[in-house]
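So you can see what is in the structure, the chains are spelled out below.
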Amino acid sequence: MIYLDHNATTPVHPDVVEALLPFLQGKFGNPSSIHWAGRAVKGAVEEAREQVAALVGCEPGEVVFTASGTEADNMAIKGVAAALRGRGNHIITTRVEHPAVTSACGYLELQGFEVTWLEVDRDGLLDPERLEAAITDRTILISAMAANNETGILFPIREIGEIAARRRVYLHCDGVQAAGKIPLSVRDDGISFLALSGHKLNAPKGVGALVVRRGVKCHPLIHGGSQERNRRGGTENVAGIVAFGKACAIARETMTREMGRLKGLRDQLEEGIIARISGARVNGHRERRLPTTTNITIPGVGADTLLMALDLEGIAASSGAACSSGTLKLSPVLDAMGRTPEEAKGSVRFSLGRGNTDEEIDRVLAVLPAIVARLRGES
Ligand SMILES: Cc1ncc(COP(=O)(O)O)c(C=O)c1O
(Lines give C-alpha, C1' and ligand atoms only; values in the text may rest on other atoms or scores of the structure.)
Protein backbone atom coordinates (compact mmCIF):
# COMPACT_ATOMS: atom_id res chain seq x y z
CA MET A 1 0.00 0.00 0.00
CA ILE A 2 1.34 3.41 -0.95
CA TYR A 3 0.03 6.44 0.92
CA LEU A 4 0.40 9.78 -0.88
CA ASP A 5 -2.35 11.72 0.88
CA HIS A 6 -0.51 13.20 3.87
CA ASN A 7 -2.25 16.58 3.53
CA ALA A 8 -5.48 14.75 4.47
CA THR A 9 -3.94 13.06 7.48
CA THR A 10 -0.73 11.31 8.52
CA PRO A 11 0.07 8.00 10.23
CA VAL A 12 0.91 8.34 13.92
CA HIS A 13 4.68 8.14 14.48
CA PRO A 14 5.67 5.03 16.53
CA ASP A 15 7.52 7.21 19.10
CA VAL A 16 4.36 9.30 19.45
CA VAL A 17 2.31 6.17 20.17
CA GLU A 18 4.85 5.15 22.80
CA ALA A 19 4.69 8.60 24.41
CA LEU A 20 0.91 8.69 24.61
CA LEU A 21 0.15 5.13 25.76
CA PRO A 22 0.92 5.69 29.49
CA PHE A 23 -1.78 8.38 29.47
CA LEU A 24 -4.38 5.89 28.28
CA GLN A 25 -3.23 3.31 30.82
CA GLY A 26 -1.90 4.20 34.30
CA LYS A 27 -1.75 7.99 34.09
CA PHE A 28 -5.43 8.85 34.05
CA GLY A 29 -5.56 11.96 36.26
CA ASN A 30 -7.27 15.25 35.50
CA PRO A 31 -4.60 17.94 35.07
CA SER A 32 -6.74 20.38 37.08
CA SER A 33 -6.67 18.11 40.16
CA ILE A 34 -4.11 19.10 42.76
CA HIS A 35 -3.53 15.58 44.13
CA TRP A 36 -0.86 13.10 42.93
CA ALA A 37 -2.96 11.76 40.06
CA GLY A 38 -3.52 15.24 38.65
CA ARG A 39 0.05 16.36 39.19
CA ALA A 40 1.31 13.28 37.31
CA VAL A 41 -0.35 14.47 34.12
CA LYS A 42 -0.17 18.24 34.55
CA GLY A 43 3.60 18.20 34.04
CA ALA A 44 3.21 16.22 30.82
CA VAL A 45 0.68 18.72 29.42
CA GLU A 46 3.06 21.58 30.23
CA GLU A 47 5.98 19.77 28.60
CA ALA A 48 3.86 19.32 25.46
CA ARG A 49 3.08 23.04 25.51
CA GLU A 50 6.82 23.74 25.50
CA GLN A 51 7.37 21.33 22.61
CA VAL A 52 4.65 22.97 20.50
CA ALA A 53 5.99 26.44 21.34
CA ALA A 54 9.53 25.44 20.37
CA LEU A 55 8.37 24.30 16.92
CA VAL A 56 6.56 27.54 16.06
CA GLY A 57 8.59 30.20 17.90
CA CYS A 58 6.29 31.39 20.67
CA GLU A 59 6.08 31.27 24.48
CA PRO A 60 4.62 28.07 25.98
CA GLY A 61 2.03 30.23 27.77
CA GLU A 62 0.73 31.38 24.38
CA VAL A 63 -0.30 27.85 23.30
CA VAL A 64 -3.98 26.97 23.81
CA PHE A 65 -4.81 23.32 23.13
CA THR A 66 -7.96 22.65 21.09
CA ALA A 67 -9.66 19.59 19.60
CA SER A 68 -8.67 20.36 16.00
CA GLY A 69 -7.26 22.82 13.53
CA THR A 70 -10.83 23.71 12.62
CA GLU A 71 -11.58 24.68 16.21
CA ALA A 72 -8.39 26.75 16.36
CA ASP A 73 -9.34 28.66 13.18
CA ASN A 74 -12.86 29.27 14.49
CA MET A 75 -11.57 30.38 17.87
CA ALA A 76 -9.26 32.99 16.35
CA ILE A 77 -11.74 34.40 13.83
CA LYS A 78 -14.92 34.37 15.91
CA GLY A 79 -12.98 35.23 19.07
CA VAL A 80 -11.50 38.40 17.55
CA ALA A 81 -14.85 39.32 16.00
CA ALA A 82 -16.52 39.08 19.43
CA ALA A 83 -13.73 40.93 21.24
CA LEU A 84 -13.32 43.78 18.74
CA ARG A 85 -16.81 44.25 17.32
CA GLY A 86 -16.97 47.68 18.98
CA ARG A 87 -13.85 48.75 17.09
CA GLY A 88 -14.57 47.47 13.60
CA ASN A 89 -16.45 44.92 11.53
CA HIS A 90 -14.09 44.29 8.63
CA ILE A 91 -12.11 41.08 8.07
CA ILE A 92 -9.70 40.36 5.22
CA THR A 93 -9.09 36.82 4.05
CA THR A 94 -8.38 34.99 0.77
CA ARG A 95 -10.45 32.87 -1.59
CA VAL A 96 -8.22 29.85 -1.14
CA GLU A 97 -8.37 29.32 2.62
CA HIS A 98 -9.50 26.02 4.12
CA PRO A 99 -13.25 25.77 4.85
CA ALA A 100 -12.41 26.12 8.57
CA VAL A 101 -11.59 29.75 7.74
CA THR A 102 -13.95 30.47 4.84
CA SER A 103 -16.98 29.06 6.68
CA ALA A 104 -16.17 30.96 9.88
CA CYS A 105 -15.81 34.19 7.86
CA GLY A 106 -19.00 33.38 5.92
CA TYR A 107 -20.84 32.92 9.21
CA LEU A 108 -19.60 36.31 10.40
CA GLU A 109 -20.83 37.90 7.14
CA LEU A 110 -24.30 36.67 8.08
CA GLN A 111 -23.83 38.38 11.46
CA GLY A 112 -23.16 41.73 9.78
CA PHE A 113 -19.38 41.63 9.41
CA GLU A 114 -17.87 42.71 6.11
CA VAL A 115 -15.38 40.29 4.59
CA THR A 116 -12.92 41.06 1.77
CA TRP A 117 -12.07 37.86 -0.12
CA LEU A 118 -8.68 38.46 -1.76
CA GLU A 119 -7.92 36.89 -5.13
CA VAL A 120 -4.78 34.91 -5.94
CA ASP A 121 -3.01 34.79 -9.32
CA ARG A 122 -2.78 31.80 -11.70
CA ASP A 123 0.17 30.50 -9.68
CA GLY A 124 -1.88 30.65 -6.48
CA LEU A 125 0.20 33.53 -5.10
CA LEU A 126 -1.16 36.39 -3.00
CA ASP A 127 -0.10 39.98 -3.64
CA PRO A 128 0.74 41.63 -0.28
CA GLU A 129 0.21 45.11 -1.81
CA ARG A 130 -3.38 44.24 -2.65
CA LEU A 131 -3.82 42.97 0.86
CA GLU A 132 -2.52 46.21 2.32
CA ALA A 133 -4.78 48.24 0.01
CA ALA A 134 -7.81 46.36 1.37
CA ILE A 135 -7.15 47.50 4.99
CA THR A 136 -9.54 50.19 6.26
CA ASP A 137 -9.91 51.84 9.64
CA ARG A 138 -12.65 49.26 10.37
CA THR A 139 -10.37 46.26 9.73
CA ILE A 140 -9.88 44.08 12.81
CA LEU A 141 -8.35 40.91 11.36
CA ILE A 142 -6.38 39.50 8.43
CA SER A 143 -6.66 35.72 8.05
CA ALA A 144 -4.14 34.15 5.67
CA MET A 145 -2.82 30.60 5.50
CA ALA A 146 0.88 29.77 5.56
CA ALA A 147 0.56 26.84 3.12
CA ASN A 148 -2.37 25.78 0.98
CA ASN A 149 -3.74 22.29 1.61
CA GLU A 150 -4.60 21.59 -2.05
CA THR A 151 -1.57 23.02 -3.86
CA GLY A 152 1.04 23.52 -1.13
CA ILE A 153 1.46 27.16 -2.25
CA LEU A 154 3.02 29.37 0.43
CA PHE A 155 1.81 32.86 1.30
CA PRO A 156 4.46 35.46 2.32
CA ILE A 157 3.46 35.40 5.98
CA ARG A 158 6.38 37.47 7.24
CA GLU A 159 5.61 40.22 4.75
CA ILE A 160 1.92 40.08 5.66
CA GLY A 161 2.91 40.14 9.35
CA GLU A 162 4.91 43.33 8.79
CA ILE A 163 1.92 44.96 7.09
CA ALA A 164 -0.40 43.83 9.89
CA ALA A 165 1.95 45.23 12.55
CA ARG A 166 2.42 48.54 10.71
CA ARG A 167 -1.35 48.95 10.21
CA ARG A 168 -2.15 47.68 13.72
CA VAL A 169 -4.39 44.82 12.59
CA TYR A 170 -4.27 41.29 14.02
CA LEU A 171 -2.95 38.54 11.74
CA HIS A 172 -4.42 35.05 12.05
CA CYS A 173 -2.36 32.47 10.21
CA ASP A 174 -3.68 28.99 9.44
CA GLY A 175 -0.46 27.05 9.90
CA VAL A 176 -2.07 23.60 9.81
CA GLN A 177 -0.30 22.41 6.65
CA ALA A 178 2.91 24.38 7.15
CA ALA A 179 3.91 23.45 10.69
CA GLY A 180 6.66 20.87 10.80
CA LYS A 181 7.30 21.23 7.05
CA ILE A 182 8.67 24.77 6.76
CA PRO A 183 10.14 27.02 9.46
CA LEU A 184 7.47 29.17 11.13
CA SER A 185 8.01 31.72 13.89
CA VAL A 186 5.04 33.39 15.50
CA ARG A 187 7.43 35.90 17.07
CA ASP A 188 9.50 36.78 13.99
CA ASP A 189 6.68 36.53 11.45
CA GLY A 190 4.44 39.03 13.27
CA ILE A 191 1.63 36.51 13.74
CA SER A 192 -1.06 37.25 16.36
CA PHE A 193 -2.80 33.82 16.07
CA LEU A 194 -1.52 30.55 14.62
CA ALA A 195 -3.74 27.49 14.10
CA LEU A 196 -2.19 24.01 14.28
CA SER A 197 -3.49 20.45 13.96
CA GLY A 198 -1.94 17.30 15.44
CA HIS A 199 -3.03 14.78 12.82
CA LYS A 200 -1.25 16.64 10.00
CA LEU A 201 2.12 16.07 11.67
CA ASN A 202 2.08 12.46 12.80
CA ALA A 203 0.04 12.86 16.00
CA PRO A 204 -3.49 11.43 16.37
CA LYS A 205 -6.71 13.13 15.31
CA GLY A 206 -8.68 15.16 17.85
CA VAL A 207 -5.98 17.54 19.05
CA GLY A 208 -4.83 20.92 17.77
CA ALA A 209 -3.74 24.26 19.13
CA LEU A 210 -4.20 27.95 18.70
CA VAL A 211 -1.24 30.14 19.55
CA VAL A 212 -2.57 33.41 20.94
CA ARG A 213 0.10 36.08 21.29
CA ARG A 214 0.36 37.65 24.72
CA GLY A 215 -1.81 40.77 25.08
CA VAL A 216 -3.94 39.99 22.02
CA LYS A 217 -7.70 40.34 22.55
CA CYS A 218 -9.83 37.28 21.77
CA HIS A 219 -12.97 35.86 23.38
CA PRO A 220 -13.21 32.11 24.05
CA LEU A 221 -15.22 29.93 21.69
CA ILE A 222 -15.95 27.29 24.32
CA HIS A 223 -17.02 28.54 27.72
CA GLY A 224 -16.59 26.30 30.73
CA GLY A 225 -13.98 25.76 33.41
CA SER A 226 -10.78 27.74 33.74
CA GLN A 227 -8.63 25.34 31.70
CA GLU A 228 -6.09 26.75 29.25
CA ARG A 229 -5.84 30.01 31.21
CA ASN A 230 -9.57 30.65 30.74
CA ARG A 231 -9.21 30.56 26.97
CA ARG A 232 -10.82 27.17 26.32
CA GLY A 233 -13.12 25.37 28.75
CA GLY A 234 -13.17 21.56 28.98
CA THR A 235 -10.98 18.89 30.52
CA GLU A 236 -7.87 18.51 28.39
CA ASN A 237 -7.31 15.61 25.97
CA VAL A 238 -4.17 14.66 27.89
CA ALA A 239 -3.05 11.71 25.74
CA GLY A 240 -3.66 13.70 22.54
CA ILE A 241 -1.79 16.72 23.89
CA VAL A 242 1.20 14.63 24.98
CA ALA A 243 1.22 12.99 21.54
CA PHE A 244 1.01 16.36 19.78
CA GLY A 245 3.92 17.69 21.84
CA LYS A 246 6.06 14.66 21.02
CA ALA A 247 5.19 14.92 17.30
CA CYS A 248 6.23 18.61 17.32
CA ALA A 249 9.54 17.70 18.97
CA ILE A 250 10.20 15.03 16.32
CA ALA A 251 9.23 17.41 13.51
CA ARG A 252 11.57 20.07 14.87
CA GLU A 253 14.51 17.66 15.11
CA THR A 254 14.04 16.07 11.70
CA MET A 255 12.49 18.82 9.56
CA THR A 256 15.52 19.96 7.57
CA ARG A 257 16.70 16.47 6.66
CA GLU A 258 13.29 14.94 6.09
CA MET A 259 11.90 17.81 4.03
CA GLY A 260 14.98 17.77 1.81
CA ARG A 261 14.44 14.06 1.19
CA LEU A 262 10.72 14.47 0.51
CA LYS A 263 11.28 17.38 -1.86
CA GLY A 264 13.59 15.08 -3.86
CA LEU A 265 10.88 12.41 -4.02
CA ARG A 266 8.13 14.91 -4.86
CA ASP A 267 10.20 16.37 -7.71
CA GLN A 268 11.01 12.89 -9.01
CA LEU A 269 7.28 12.04 -9.01
CA GLU A 270 6.28 15.31 -10.63
CA GLU A 271 8.96 15.25 -13.33
CA GLY A 272 8.20 11.60 -14.01
CA ILE A 273 4.50 12.32 -14.50
CA ILE A 274 5.16 15.29 -16.78
CA ALA A 275 7.64 13.30 -18.87
CA ARG A 276 5.37 10.25 -19.21
CA ILE A 277 1.86 11.71 -19.49
CA SER A 278 1.08 14.10 -22.34
CA GLY A 279 -0.45 17.41 -21.31
CA ALA A 280 0.14 16.93 -17.55
CA ARG A 281 0.73 20.29 -15.85
CA VAL A 282 1.53 21.34 -12.31
CA ASN A 283 -0.92 23.73 -10.65
CA GLY A 284 0.75 26.54 -8.76
CA HIS A 285 4.14 28.19 -8.45
CA ARG A 286 6.95 25.63 -8.73
CA GLU A 287 9.19 27.17 -6.06
CA ARG A 288 6.99 28.87 -3.49
CA ARG A 289 5.30 25.78 -2.16
CA LEU A 290 5.61 23.00 0.39
CA PRO A 291 8.32 20.45 -0.41
CA THR A 292 5.79 17.63 0.04
CA THR A 293 2.89 18.55 -2.23
CA THR A 294 2.12 18.54 -5.93
CA ASN A 295 -1.21 19.26 -7.61
CA ILE A 296 -1.31 18.12 -11.22
CA THR A 297 -3.92 18.49 -13.96
CA ILE A 298 -4.08 15.46 -16.24
CA PRO A 299 -6.25 16.44 -19.21
CA GLY A 300 -8.71 13.94 -20.60
CA VAL A 301 -9.34 12.03 -17.38
CA GLY A 302 -11.68 12.58 -14.44
CA ALA A 303 -9.80 12.71 -11.15
CA ASP A 304 -12.42 10.54 -9.41
CA THR A 305 -12.02 7.66 -11.88
CA LEU A 306 -8.27 8.05 -11.84
CA LEU A 307 -8.16 7.96 -8.04
CA MET A 308 -10.32 4.82 -8.01
CA ALA A 309 -8.00 3.12 -10.47
CA LEU A 310 -4.98 4.12 -8.35
CA ASP A 311 -6.76 2.82 -5.25
CA LEU A 312 -7.15 -0.58 -6.95
CA GLU A 313 -3.35 -0.57 -7.27
CA GLY A 314 -3.06 0.23 -3.55
CA ILE A 315 -2.11 3.87 -4.15
CA ALA A 316 -3.89 6.54 -2.07
CA ALA A 317 -3.99 10.09 -3.46
CA SER A 318 -6.67 12.73 -3.56
CA SER A 319 -8.41 15.28 -5.74
CA GLY A 320 -8.22 18.11 -3.21
CA ALA A 321 -9.37 18.70 0.33
CA ALA A 322 -10.29 15.44 2.09
CA CYS A 323 -13.35 17.03 3.65
CA SER A 324 -14.84 17.83 0.23
CA SER A 325 -13.93 14.65 -1.66
CA GLY A 326 -17.01 12.63 -2.50
CA THR A 327 -18.92 15.84 -3.19
CA LEU A 328 -19.50 17.11 -6.71
CA LYS A 329 -18.30 20.63 -5.91
CA LEU A 330 -15.25 21.73 -7.86
CA SER A 331 -12.22 22.91 -5.95
CA PRO A 332 -12.64 26.60 -4.98
CA VAL A 333 -8.85 26.78 -4.80
CA LEU A 334 -8.31 25.80 -8.44
CA ASP A 335 -11.27 27.97 -9.44
CA ALA A 336 -9.63 30.96 -7.70
CA MET A 337 -6.45 30.16 -9.64
CA GLY A 338 -8.38 30.56 -12.89
CA ARG A 339 -8.60 26.87 -13.83
CA THR A 340 -11.60 25.85 -15.93
CA PRO A 341 -14.07 23.30 -14.48
CA GLU A 342 -12.64 20.79 -17.00
CA GLU A 343 -9.08 21.37 -15.74
CA ALA A 344 -10.18 21.24 -12.10
CA LYS A 345 -12.01 17.94 -12.72
CA GLY A 346 -8.80 16.34 -13.96
CA SER A 347 -6.62 17.52 -11.05
CA VAL A 348 -4.95 15.19 -8.60
CA ARG A 349 -3.02 15.98 -5.42
CA PHE A 350 -0.12 13.85 -4.27
CA SER A 351 1.09 14.77 -0.78
CA LEU A 352 4.13 13.01 0.61
CA GLY A 353 5.11 12.28 4.18
CA ARG A 354 7.66 10.70 6.44
CA GLY A 355 7.10 7.06 5.42
CA ASN A 356 7.43 7.48 1.65
CA THR A 357 10.34 5.88 -0.21
CA ASP A 358 12.05 5.95 -3.64
CA GLU A 359 10.59 2.55 -4.47
CA GLU A 360 7.08 3.83 -3.90
CA ILE A 361 7.58 6.74 -6.29
CA ASP A 362 9.00 4.34 -8.90
CA ARG A 363 5.94 2.15 -8.55
CA VAL A 364 3.51 5.07 -8.99
CA LEU A 365 5.43 6.14 -12.10
CA ALA A 366 5.26 2.58 -13.39
CA VAL A 367 1.47 2.22 -13.10
CA LEU A 368 0.07 5.76 -13.54
CA PRO A 369 0.81 6.28 -17.27
CA ALA A 370 -0.91 3.01 -18.19
CA ILE A 371 -3.97 3.90 -16.11
CA VAL A 372 -4.20 7.32 -17.78
CA ALA A 373 -3.81 5.80 -21.25
CA ARG A 374 -6.61 3.31 -20.47
CA LEU A 375 -8.93 6.03 -19.16
CA ARG A 376 -8.21 8.16 -22.22
CA GLY A 377 -9.08 5.20 -24.43
CA GLU A 378 -5.56 5.19 -25.84
CA SER A 379 -4.79 1.55 -25.05
C1 LIG B 1 -5.07 24.36 5.88
C2 LIG B 1 -5.97 23.62 6.82
N3 LIG B 1 -6.58 24.28 7.81
C4 LIG B 1 -7.38 23.66 8.70
C5 LIG B 1 -7.63 22.30 8.61
C6 LIG B 1 -8.53 21.65 9.61
O7 LIG B 1 -7.79 20.88 10.52
P8 LIG B 1 -8.51 19.71 11.33
O9 LIG B 1 -8.65 18.55 10.40
O10 LIG B 1 -7.59 19.42 12.47
O11 LIG B 1 -9.82 20.23 11.80
C12 LIG B 1 -7.03 21.57 7.58
C13 LIG B 1 -7.32 20.13 7.40
O14 LIG B 1 -7.32 19.63 6.30
C15 LIG B 1 -6.17 22.25 6.66
O16 LIG B 1 -5.57 21.59 5.66
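Quick caveat, the model's predicted, so the values are computed rather than measured. (Residues numbered from 1 in each chain as written. Predicted model: local features only at pLDDT ≥ 70, side-chain atom pairs only at ≥ 80, totals over all residues. Heavy atoms only, no water.)

**Q** Is there a simple way to think about the overall build of the protein chain in this case?
**A** What the protein chain contains, in helices and strands, is 13 helices and twelve strands. Whereas a compact globule of 379 residues would reach a radius of gyration of roughly 21 Å, the protein chain reaches 21 Å, a difference of no more than 12%. Expressed along its principal axes, the backbone C-alpha trace of the protein chain runs to roughly 70 × 55 × 35 Å. Taking all 379 residues of the protein chain together, the buried fraction comes to 57%. As displayed, the protein chain offers around 16,100 Å² of accessible surface, 52% of which is attributable to carbon and sulfur atoms. Between the averaged position of the 44 positive side-chain charges in the protein chain and that of its 45 negative side-chain charges there is a distance of 4 Å. (Helix = DSSP H or I, 4+ residues; strand = E, 2+ residues; numbered from the N terminus. Rg over C-alpha atoms; globule rule 2.2 N^0.38 Å. Buried < 20%, exposed > 50% of the residue type's maximum accessible area, 1.4 Å probe, protein only. Areas by Shrake-Rupley, 256 points an atom, 1.4 Å probe, with all protein chains shown as cover. Lys, Arg positive; Asp, Glu negative; His and termini not counted. Charge placed at Lys NZ, Arg CZ, Asp CG, Glu CD.)

**Q** Got a minute to help me understand the domain arrangement of the protein chain in this structure?
**A** For interface size, the figure often reported is the accessible area lost on association. Each domain of the protein chain was delimited in the assignment, giving domain 1 (2–8 + 255–375) and domain 2 (14–250). The interface is formed by 28 residues belonging to domain 1 together with 27 residues belonging to domain 2. Summed over both partners, the interface of domain 1 with domain 2 buries about 2,500 Å², with 54% contributed by carbon and sulfur atoms. Looking only at domain 1, the three residues that lose the most surface to domain 2 are Met255, Leu290 and Val333, adding up to 23% of its buried area. At the boundary of domain 1 with domain 2, the tally comes to one salt bridge. For Asp335, the salt bridge is made with Arg95, and the minimal N-O distance between the two is 3.1 Å. For the side of domain 1 that touches domain 2, the elements supplying multiple residues, two or more each, are helix H9 (238–276), strand S10 (293–297) and helix H11 (332–336). Of all the elements, H11 adds the most residues to the side of domain 1 that touches domain 2, at five residues. Residues that form the side of domain 1 that touches domain 2 fall into these classes: twelve nonpolar, ten polar and six charged. (Domains from an automatic or database assignment. Contact = heavy atoms within 4.5 Å. Buried area = accessible area lost by both parts, 1.4 Å probe. Salt bridge = Lys/Arg side-chain N within 4 Å of Asp/Glu carboxyl O. Nonpolar A, V, L, I, M, F, W, Y, C, P; charged D, E, K, R; others polar.)

**Q** Is there a simple way to think about the sheet that holds S10 in this case?
**A** Paired through their backbone hydrogen bonds, the strands of a sheet run either parallel or antiparallel. In space, the three strands of this open sheet follow the order S9-S10-S12, with antiparallel pairing throughout. In this open sheet, the two edge strands, each paired with only one partner strand, are strand S9 (281–282) and strand S12 (347–351). Here H9 sits on the sheet and contacts S9, S10 and S12; the angle it forms with S10, its principal contact strand, is near 10 degrees. (Pairing = 2+ DSSP bridges. Axes fitted to C-alpha atoms, helices over the stretch in contact; angles between N-to-C directions.)

**Q** I tried to follow the site of the ligand on my own but got confused; where do I start?
**A** What surrounds the ligand is a group of 13 residues, the closest being Thr70, Asp174, Gln177, Ser197 and Lys200. In this structure, Gly69 approaches the ligand through a main-chain N or O atom, which is 2.8 Å from an oxygen atom. Here His199 contributes a side-chain N or O atom positioned 2.8 Å from an oxygen atom of the ligand. Contact with the protein chains removes 89% of the 390 Å² of surface that the ligand exposes when unbound. A total of three residues in the shell around the ligand trace back to one element, the largest contributor, which is helix H3 (residues 69–84). A per-class count over the shell around the ligand returns two nonpolar, eight polar and three charged. (Near = heavy atom within 4 Å. Polar contact = N/O pair within 3.5 Å; in protein donor to acceptor, adjacent residues only side chain to side chain.)

**Q** Can you help me understand the sheet that holds strand S7 (residues 193–197) in this one?
**A** Spatially, S2-S8-S7-S6-S5-S3-S4 is the arrangement adopted by the seven strands of the open sheet, whose pairing is mixed. Either end of the sheet is taken by a strand with one partner, and the two such strands are strand S2 (63–66) and strand S4 (114–118). Taking each pair of neighbouring strands and ignoring which way they run, the sheet shows an average axis angle of 20 degrees. Direction of pairing for S2 relative to strand S8 (residues 208–212): antiparallel, over a ladder of four bridges. Opposite Val63, over in S8, you have Val211 as the bridge partner.

**Q** Mind showing me how you'd approach the pairing of S12 here?
**A** Residues in a regular strand point their side chains to alternate faces of the sheet. Taken across its five residues, S12 has five buried, putting it largely inside the fold. Neither face of S12 is open: one carries Ser347, Arg349 and Ser351, the other Val348 and Phe350, and all of them are buried. Bridge analysis of S10 against S12 gives five bridges, and the strand direction is antiparallel. Within S12, the residue paired with Ile296 across the bridge is Val348.

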